[in-house]
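Structural features, examined
For reference, the chains in residue letters:
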Amino acid sequence: MRNFLIAGNWKMNAGPSEAREIASNLVDALNNGSFSAEALICPPAISIQTVSEIFADSPFKVGAQNVHTEDNGAFTGEISTSMVKDLDVTHVIVGHSERREYFHETDKLVAKKTKKIIDDGLTAIVCVGEKLDKRKSGDHEKVVLNQLDHALNAITRDNAANLVVAYEPVWAIGTGETATPEQAQEMHRFIRFQISERWGKDRAEEVKILYGGSMKPKNAEELLSQPDVDGGLIGGASLKADSFSEIISIAEKISK
Ligand code: PEP
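So, here's what we can say about the structure. What you see is a predicted model, and the numbers here were worked out from it, not measured in a lab. The residue count restarts for each chain, going from 1 along the sequence in the order it is written. Owing to the predicted nature of the model, reporting of local features is limited to residues with pLDDT of at least 70; listing and counting of side-chain atom pairs is limited to 80 or more, with chain, interface and lining totals taken over all residues. Hydrogens and water molecules were not included; the side-chain quantities draw on all heavy atoms of the structure.

Attention shifts here to the sheet that holds strand β2 (residues 38–42). If you trace the eight strands once around the closed barrel, you get β1-β2-β3-β4-β5-β6-β7-β8, paired in parallel fashion. Within the sheet, the average angular offset between the axes of one strand and its neighbour, ignoring direction, is 25°. In the sheet, strand β7 (residues 208–212) pairs with strand β8 (residues 231–234) via two bridges, with the strands oriented parallel. In the sheet register, Y211 faces β8, and the bridge partner there is G232. Following DSSP output, two strands are said to pair if at least two bridges run between them. Comment: elements are numbered from the N terminus, with helices defined as DSSP H or I runs of at least four residues and strands as E runs of at least two. For helices, the fitted axis covers only the stretch in contact; all axes are lines through C-alpha atoms, and the angles between them, taken along N-to-C directions, range from 0 to 180 degrees.

Spelled out as structure tokens, the structure:
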């Protein structure tokens, strides 16, 4: 029995009205039934409350796409872990390549946020992944290892169960291009090995490693069938209730 985490990242899409519609459709699509895969939606901050209310009596969880490292204060435009916890958020994405690229988030800041998220009782979904030039030059493992090292150094082995690593090759995000199942498995195995070198095999097994990059119903089965792929971080396909629920059903089928 495998315990998948199927997480949706809505990015800067779906304000409260649209979020209400998609979230309600999701609950309906899965008939509000119980499923063993963990399913999570990370809406934009302004829609967290709406989605959280709709998911209240369902198995779906709600996540945030970003938080600040402080609890409150003069940080215009930011939100904190205590604020999202107030809305029953369980997970926070950190280090997404879009935040690294457009908001200049460094490995150091990603590490600091990871620690803050975990220290405050939430699960951190730490995104790592190489750009196309590094994949082509064969430096992809080096890039991922460096990103991973920063995050791991900020926390301890006792935090393993509250750490999720999302391997998202930047060249596969929003491009329609997906890593092959072999490329995904190879990197996931590498990430698990690196964690086990630091924290031991048992702790490394506690860390879920998600694949992200144009995952959709069409390719989900072969990706999720890889032994070290513990789920998906899904952008585009999570904005449609039918495709996201289909991926959850695929995970459900494989997990049995
Ligand atoms: C993402 O935003 O993390 C992502 C993987 O997006 P997409 O599924 O659209 O490639």
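There is more to say, and it comes next.
This next bit is on the site of the ligand. Working definition: residue near molecule or strand if any one of its non-hydrogen atoms lies within 4 Å of it. Around the ligand, 14 residues are found, and the nearest of them are K11, E168, G174, S214 and G235. In this structure, an oxygen atom belonging to the ligand sits 2.9 Å away from a main-chain N or O atom of G236. Using a 1.4 Å probe, accessible areas were evaluated by the Shrake-Rupley method; residue-level cover was limited to the displayed protein chains. Starting from 290 Å² of accessible surface for the ligand in isolation, the protein chains cover 95%. Any N or O atom pair separated by 3.5 Å or less is treated as a polar contact, with the protein-specific requirement of one donor-capable and one acceptor-capable atom, and with residues adjacent in sequence counted only for side-chain atom pairs.

A word on the pattern of salt bridges. We define a salt bridge as a contact between a side-chain nitrogen of Lys or Arg and a carboxyl oxygen of Asp or Glu at a distance within 4 Å. Counted by the stated rule, this structure contains 17 salt bridges. For the salt bridge of K113 with E105, the shortest nitrogen-to-oxygen distance reads 2.8 Å. The same class applies to K113 and to E105, which are both buried. Across the pair K253 and E221 runs a salt bridge whose closest N-O atoms are separated by 3.2 Å. A residue pair is termed long-range when its members are at least 10 positions apart, and K253 in helix α11 (residues 241–255) and E221 in helix α10 (residues 217–224) qualify at 32 residues. Residue burial is assigned from relative accessible area. The probe radius is 1.4 Å, only protein chains are included, and a residue is buried under 20% of its type maximum, exposed over 50%, and partly exposed in between.

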